[in-house]
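Commentary on secondary and tertiary structure
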Amino acid sequence: MNFTNSNVVKLQRVSKKYEFANIYSSLSEYFLVGSKSKPFWALKNINLEIKKGEKVGLIGPNGAGKTTLLSIISGITTPDKGCVDIRGKVISIIELEAGFHIELSGVENIFLNGMILGMSKEGIKRRLKTIINFAGIGKFIEQPMYSYSEGMKLRVAFSVAAHCDFDTLVLDENISVGDIDFQKKSLSKIREFFSKRKTIVIATHYLDFLQKTCERVIWLNNGRIVEDGPVEKVIKRYIKENGNI
Amino acid sequence: MNKQYFEFIFAMTEREFKTRYKRAIFGFIWVLINPILQMLIIGIIFSYFIDIPNYFIFLFSGLMPWNFITATMTRGTPSFVSERLLIKKAKFPLEAIPLSVIFSNFIHLGVSVFLFLGVLVVLGGGGNISLVFLFLSLIWLLLLSSGLVFFTSTLHVKFRDINFITQAFLIVLFYATPILYDLSLIPERLWFIFYLNPLTSIVMLFQCSFTGQCRLNPNIVGVNILIGIIVVLCGVIVFRKNKRNLVDWL
């Protein structure tokens, strides 16, 4: 099937509720005190359509709902109200290292993390050499991960994610990883994604980066869309109302 | 349900299995040392009070499924919470997490069963072994413990004291299961405990497959199976109902 020019992400009246923690943190409390839940709406009535190949930036202050929106798009969580229609394979690089186990070697972790990101074992085997070369950490790749520096872990993590097949990529904040050398490599890889017909949704505070890479920006505040439009227009208003950063 | 799904469950099991004893010397041997020590100590003490033929074999056959249950419950119940980082950051079939704990423990159990069989055959006690009963009891144990762990691990996400409750429950359960003793040593007015405890028949079936002395009570087996089915259904239903929202509680 070809979804050219059709929506890959469609959210209709999506709302997401979180209960404040410690309400039923324990069963004994639940029976003694009962449940008094205080809801907090992280997203309120979001309507959103993203077309195939679009590069969309998400901006807004901390706690605006950016991460919640990204989790819904990547299918990690589901909304309490509204409907979500996602087409194609979405991968999220919200936290690169989440799937690693420090007791396992680099290669073992490449397989594990790749499979968590939805790759097949066969697919990883085929790309293993490329992934290892891109990470470029030499003989460490056979060593258990507890011997790695933070930067080396990030290199492996980024390399796995970068060689994964996807239609839509969801990125949160940290785009550039590792030392200068690897930053160049990872940025050029990200640019490669941007130049292909891949859909990208990215939440970041780097407005410069968005101006260079995205056509469209969505500004979130308090769980609502403040403005959704062309990058220059939205960022101009955002800067005007928030002061220059 | 496809190949990739099973590959994933397998990879997660491998991860759980590999990481447990990774840095310990003779890692795997620890799996055997504990139950052997347990068997020797309990055996030496209780053989003074309890008169069961081949008491050490009887004990070890009961301790194997019991250790499986405790290990699975202890690691499985808090498993969603301990993997919260992963669950919050990536989308994957959540059941892989408790399943990886269950399966990796089941491999451990399989190895001890296998070695125990070997020892019995070498020592000449192999004539009493019933592999059919052994197979049945392993499957039954796997199903029951899966039901239990899915139930407790899902609830543990919402109620963080579930882990303490299961730990306390396990201490009681050890004495309420005929591992140290035989049903014939217990007055019949207390047998309701064995009817209600779905582990009774599993442990007895294990003992029966190794010692060849089967004292299975059909009534108890029937009620145990019924309770087992209820436990498995509860586990599956509670998990399926909550898995969509599990991540929001972590």
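Keep in mind the model is a prediction, meaning the values are calculated, not measured. Just so you know, the residues in each chain are numbered from 1, in the order the chain's sequence is written. Numbering of ligands from 1 and lettering of chains from A proceed in the order in which they are written. Given that this is a predicted model, residues contribute local features only at a pLDDT of at least 70 and side-chain atom pairs are listed and counted only at 80 or more, while totals for whole chains, interfaces and linings are drawn from all residues. Just so you know, side-chain values use all the structure's heavy atoms and leave hydrogens and water out.

1. Observations regarding the overall build of chain B
For the purposes of this entry, the term helix denotes a DSSP run of H or I that reaches at least four residues, the term strand denotes a run of E that reaches at least two, and both are numbered from the N terminus. On a plain count of helices and strands, chain B comes out with eleven helices and zero strands. Moving toward the C terminus, one meets the helices and strands of chain B in the order α-α-α-α-α-α-α-α-α-α-α. Both definitions apply: the radius of gyration is a C-alpha atom measure, and the globule rule equals 2.2 Å times residues to the power 0.38. Over its C-alpha atoms chain B spans a radius of gyration of 19 Å, differing by no more than 12% from the 18 Å that the globule rule assigns to 250 residues. The dimensions of chain B, computed from C-alpha atoms along their principal axes, are 55 × 45 × 35 Å. Each of the 250 residues in chain B was classed as buried or not, and the buried ones make up 51%. Relative accessibility decides the category of a residue: with a 1.4 Å probe and only protein chains considered, values under 20% of the type maximum give buried, values over 50% give exposed, and everything between is partly exposed.

2. Quick notes on the interface of chain B and chain A
Contacts between the two partners involve 29 residues from chain B, matched on the other side by 32 residues from chain A. Surface buried jointly by chain B and chain A totals about 2800 Å² across both partners, of which 60% is contributed by carbon and sulfur atoms. Salt bridges are defined as contacts in which a side-chain nitrogen from Lys or Arg sits within 4 Å of a carboxyl oxygen from Asp or Glu. Counting across the chain B and chain A interface gives two salt bridges. For B:Asp248, the salt bridge goes to A:Lys16, with nearest N and O atoms at 2.5 Å. Residues are treated as being in contact if the distance between any of their heavy atoms lies within 4.5 Å. When two components associate, each loses some accessible surface as probed by a 1.4 Å sphere; the sum of these losses over both components is called the buried area.

3. Considering the pattern of salt bridges
Following the criterion strictly, the structure yields 15 salt bridges over all chains and no others. With a closest N to O distance of 2.5 Å, A:Glu108 and B:Lys18 form a salt bridge. A residue pair is termed interchain when its members come from two chains, as with A:Glu108 in helix H3 (residues 106–116) and B:Lys18 in helix H1 (residues 3–20). According to the relative accessible area criterion, A:Glu108 is partly exposed, its value standing at 21%. The closest approach of N and O atoms between B:Arg15 and B:Glu83, which form a salt bridge, is 3.3 Å. In this pair, B:Arg15 sits in helix H1 while B:Glu83 sits in the loop between helix H4 (79–82) and helix H5 (84–89), placing the two residues 68 residues apart along the sequence. Here B:Arg15 matches B:Glu83 in class, with each residue buried. What you see here is one network of salt bridges that share partners, running through A:Glu227, A:Lys233, A:Arg237 and A:Glu241.

4. Brief notes about the sheet that holds strand S1 (residues 7–19) of chain A
Residues and elements named next belong to chain A. Whether two strands pair comes down to DSSP finding at least two bridges between them. Reading across the sheet, the three strands line up as S2-S1-S4 and stay open at both edges, with antiparallel pairing between neighbours. Only two strands of the sheet have a single neighbouring strand rather than two, namely strand S2 (39–51) and strand S4 (81–86). Going across the sheet, the axis of each strand differs from the next one's by a mean of 20 degrees, ignoring polarity. Relative to S2, S1 runs antiparallel, the two sharing nine bridges. Helix axes are fitted to C-alpha atoms over the stretch in contact, other axes to C-alpha atoms as well, and angles between N-to-C directions run from 0 to 180 degrees.

5. A look at the environment of B:Glu14
Residue and element names in this part refer to chain B. As for its position among the elements, glutamate 14 is in helix H1. A residue is classified by how much of its surface remains accessible, and glutamate 14, at 31% relative accessible area, is partly exposed. Separated by 123 residues in the primary sequence, glutamate 14 and serine 137 have C-alpha atoms spaced 24 Å apart.

6. So, the UniProt feature "transmembrane region" (unreviewed entry) in chain B
All names here are of chain B. Look at the UniProt record and you will see "transmembrane region" (unreviewed entry) annotated at residues 25–49, 96–123, 129–152, 164–184, 190–208 and 220–239. Helix makes up 57% of residues 164–184 and strand 0%, with an end-to-end C-alpha separation of 32 Å. Annotation note: span residues 220–239, helix share 100%, strand share 0%, distance between end C-alpha atoms 28 Å. UniProt positions are given in the numbering used here, feature names are shortened, and annotations may be inferred rather than shown by experiment.

7. Remarks on the packing of H3(A) against helix H5 (residues 150–162) of chain A
Residue and element names in this part refer to chain A. Contact pair H3 / H5: the axes reach a minimum separation of 10 Å and the direction vectors enclose 45 degrees. Our classification of the angle between H3 and H5 gives oblique. Here H3 runs over H5; the crossing is right-handed. Across the interface between the two elements, Ile110, Asn113 and Gly114 of H3 pack against Val156, Ala157 and Val160 of H5. Any angle that falls under 35 degrees is termed roughly parallel, while one over 145 is termed roughly antiparallel, one within 65 to 115 roughly perpendicular, and all others oblique. Handedness of a crossing follows from how the near helix is turned relative to the far one, being left-handed for an anticlockwise turn of less than a right angle and right-handed for a clockwise one.

8. A look at unusual backbone geometry
Here the phi dihedral of A:Arg13 falls at roughly 45 degrees; this positive angle occurs in a residue that is not glycine. Structurally, A:Arg13 can be placed in strand S1. If you check the backbone angles, B:Asn54 has positive phi at about 55 degrees while not being a glycine. Position of B:Asn54 among the secondary structure elements: in the loop between helix H2 (29–46) and helix H3 (55–76).

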